[in-house]
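Analysis of the macromolecular model
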Amino acid sequence: MTDLTLPNQAIAGKTAPPGEARALRLPTQWLGVTPFFLFALMFLILPTLYLMLGAFQNDAGEFTLENIFALFQANILAAYWISIRVSLASSLIGAFAGLAIAIAIVRGGLPNWIRSATLTFSGVASNFAGVPLAFAFIATLGRLGLVTVLLNTLVGLNIYAHGFNLLSFWGLTITYVYFQIPLMVVIIVPAIDGLKKEWGEAAATLGATQAQYWRMVVIPVLWPSFLGTVILLFANAFGAIATAYALTGSSLNIVPILLYAQIRGDVLHNAHLGYAIAFGMIFITGLANIFYIWFRTRSERWLK
Amino acid sequence: MKAGKFWAWVVFILGAAYFFIPLIATVEFSLRMRRGVYSFDAYKVVLGDSQFQTTFMYSVIVAIFTILLGVLIVVPTAYWIRLRLPQLRPVVEFITLLPLVIPAIVIVFGYIRMYGSNSPLPFLSNNVATNALLVIGYAALALPYMYRAVDTGLRTIDVRTLTEAAQILGAGWGTVVARVILPNVLIAVLSGAFLTFAIVIGEFTMASLLNRPAFGPYLQNLVANRAYEPAALSIIAFIITWGCMSLIQVLSRFAPKSANRPN
């Protein structure tokens, strides 16, 4: 922090009249956040922009939409489609299950230790992804997994004979839910804690039933943070690769795995098509976020 | 209210079943290496594997450097935003949330294309620089968590008064940040640090695409080639994550609860 050697001037600037003093002060103010913005620019924004621009260029560096059109070939489209479905299913299941668990531990009258134990466990499980998670599900629901074998020997139900496969849409979704639910719990519990007791009492005083209280007070208040978390979960699943890669190898062609293979070995034989796939990923997570902002401004208007 | 309690138990038990059965199955599987009896053979094999030791140590060192870099970037910034540039807060918060929107694989893809051997900043031209790039990438991934943790910590102290007091005593900006602000938010910084550690230690995508000999790629390789060892490693990974989270929990008990002057 050697670049911030003008403390006296900065302090004096506070009491000095605005105008001239302000103009003098501004540059030193900005020096304090320069390392952060430099870091963000060099290692977050520019690399991403580089790919975005590359998606709209051909090998000669000319502008083209060819790469974007090339995304609409069958195998890439299929990869996007299964990624979107897995992310959507796992984020919705995770969100509703997580909300149910959060409400149960905050409002359900369960013993206090359950609440803190659940929160700690959620912190752990939301970070328990990748290879270890994939393997845990192989050991549970794989062909020789504990649950698979137990169901077969105890109930005589062979889930694989009934079409279940861990290396499939549902298999991946069930696995992803393992880190989606806890993430929801971690984020939504503070929001539920924020529901004031007085609101419930006020609603009851006005003669509202429990159902009305939920429909007209709780849900509108929780809605923005709930929706925001769903979007976060969606992006979380959409970019995840290690879990799926460990689980299915490359047999389930989701977008991150396709992109991974492309970065490793240019399997699509077109570098700029790789950029376009990356662009598509950001486009989808970005679109999800725009929806979120739009929803939130709408619901905030209602809240006022 | 009684019915509510009943359903709360149902939800809780269903959730607990979903979360514990895979863990139990993995533990059970990890103990089956020796035919017919339960044993810790898989753990012995894994822990004795020299490749496990080197990749794990590598990831631990990378995690430590990531934490240092994260602290170095986040603490002065969050402090400065609170003290002097509150109008920039939305911008900085937006940037710190970007890694949640831009997938890690896209970020590292950008690095590979931008910082290749022929570029002006050839991070990929030698081992040391590539290791540095991995640390940088991880710091970017951990940015949302680190910033959130530090900012929460700063909220509980009176930044302005502390700064002015330190300055009256003749401290420069470096001293203020390193010896006044940092010790006061140390607990918040540490919880951000442990979260970073938990994220970095088993990370696969960046390490693999930058060809680093890290723990995540090693794990991945093991899953493809072995049966019982990955189960043992999954349990070890879970215990490490658990350890990090418990430390955060313990630390948060020492953190100051109320804001002296919320701003």
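Residues numbered from 1 in each chain as written. Chains lettered and ligands numbered in written order. Predicted model: local features only at pLDDT ≥ 70, side-chain atom pairs only at ≥ 80, totals over all residues.

Looking now at the overall build of chain B. When you go through chain B residue by residue, the secondary structure sums to 12 helices and zero strands. Each helix (α) and strand (β) of chain B, taken in turn from the N terminus, gives the series α-α-α-α-α-α-α-α-α-α-α-α. Taken along its principal axes, the extent of the C-alpha atoms in chain B is 75 × 70 × 30 Å. A fraction of 75% describes how many contacts in chain B between residues 6 or more apart in sequence connect residues 24 or more apart. (Helix = DSSP H or I, 4+ residues; strand = E, 2+ residues; numbered from the N terminus. Contact = placed C-beta atoms within 7 Å.)

Within chain A, the regular secondary structure consists of 14 helices and zero strands. The order of α-helices and β-strands along chain A, N terminus first, is α-α-α-α-α-α-α-α-α-α-α-α-α-α. Buried positions account for 40% of the 304 residues belonging to chain A. Long-range contacts, defined here as pairs at least 24 residues apart, represent 74% of the contacts in chain A between residues at least 6 apart. (Buried ≥ 20, exposed ≤ 12 C-beta atoms within 10 Å, placed from the backbone.)

Right, let's get into the interface of chain B and chain A. Contact residues are listed per partner, giving 71 residues for chain B and 66 residues for chain A. Considering each element in turn, the side of chain B that touches chain A owes the most residues, 15 residues, to helix H1 (residues 2-30) of chain B. For the side of chain B that touches chain A, the residue count by class is 51 nonpolar, 16 polar and four charged. (Nonpolar A, V, L, I, M, F, W, Y, C, P; charged D, E, K, R; others polar.)

Turning next to the confidence of the model for chain B. Residues and elements named next belong to chain B. For chain B, per-residue confidence averages 88 on the pLDDT scale, and residues scoring 70 or more make up 96% of the total. Note on residues 258-263: pLDDT is under 50 here. Beyond four places in sequence and across chains, it has six contacts. The complex model carries a pTM of 0.85, and its ipTM stands at 0.86. (pLDDT = per-residue confidence, 0-100.)

Attention now moves to the packing of helix H3 (residues 50-83) of chain B against helix H6 (residues 127-155) of chain B. Residues and elements named next belong to chain B. The interhelical angle for the contact between H3 and H6, taken along N-to-C directions, is 45 degrees, at an axis separation of 7 Å. By the criterion of interaxial angle, the relationship of H3 to H6 is oblique. The handedness of the crossing between H3 and H6 comes out as right-handed. Between H3 and H6, the residues in contact are Val62, Phe65, Thr66, Leu69, Gly70, Ile73, Val74, Val75, Ala78, Tyr79 and Arg82 and Leu134, Val135, Ile136, Tyr138, Ala139, Ala142, Met146, Tyr147, Val150, Asp151 and Leu154, respectively. In terms of residue class, the contact of H3 with H6 is built from 18 nonpolar, two polar and two charged. (Axes fitted to C-alpha atoms, helices over the stretch in contact; angles between N-to-C directions. Parallel < 35°, antiparallel > 145°, perpendicular 65-115°, else oblique. Left-handed = near helix turned anticlockwise from the far one by under 90°.)

Below, the discussion takes up unusual backbone geometry. Residue and element names in this part refer to chain B. Although it is not a glycine, Asn211 sits at a positive phi angle of roughly 60 degrees. Its location among the elements puts Asn211 in the loop between helix H10 (205-209) and helix H11 (215-225). With 13 C-beta atoms counted inside 10 Å, the residue Asn211 sits in the partly exposed group.

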